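Structural description and commentary
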Amino acid sequence: MNARFRYHFREGVDLWVVYNEGYYMDRSNGGVDPRLPFSSGRALMVKYSHTFTL
């Protein structure tokens with residue numbers, strides 16, 4: 001699952017919030033215990049960008 005949200009304050013100023021999550025689709029691990037977890041990893045990233053002009 002991937003989701004991106006962008007808030008545009010004004011020209012040249014943005015806030016981004018990005019959420020990424022990976023899943024194991026084949027959790028059986030070849031019949032060997034223990035089984036793999038449902039989630040392979042998660043990340044939440046926040047980016048603020050401000051463009052300066054002279």
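This section reports on the structure supplied with the text.

Examined bridge by bridge, strand 1 (residues 2-10) and strand 2 (residues 13-23) share eight bridges and lie antiparallel to one another. Across the sheet, N2 pairs through a bridge with N20, a residue of strand 2. Between strand 1 and strand 2, which pair antiparallel in sequence order, lie two residues; one of them, G12, sits at a positive phi of approximately 90 degrees. Where strand 2 meets strand 3 (residues 39-50), eleven bridges bridge the pair, whose relative direction is antiparallel.

Further remarks concern the pattern of salt bridges. Scanning the model with the defined rule gives two salt bridges in all. Close ionic contact of D14 with R6 constitutes a salt bridge, the shortest N to O distance being 3.1 Å. D14 gets classed as buried once you look at its relative accessible area, which sits at 12%. Since its relative accessible area comes to 48%, R6 is described here as partly exposed. Of the charged contacts in the structure, one is a salt bridge between R42 and E21, with a shortest N-O distance of 2.9 Å. With R42 in strand 3 and E21 in strand 2, this pair connects stretches of sequence that are 21 residues apart. Judged by relative accessible area, which is 59%, R42 ranks as exposed. Assessed through its relative accessible area of 10%, E21 is described here as buried.

Rules behind the numbers
Residues numbered from 1 in each chain as written. Predicted model: local features only at pLDDT ≥ 70, side-chain atom pairs only at ≥ 80, totals over all residues. Heavy atoms only, no water. Pairing = 2+ DSSP bridges. Helix = DSSP H or I, 4+ residues; strand = E, 2+ residues; numbered from the N terminus. Salt bridge = Lys/Arg side-chain N within 4 Å of Asp/Glu carboxyl O. Buried < 20%, exposed > 50% of the residue type's maximum accessible area, 1.4 Å probe, protein only.

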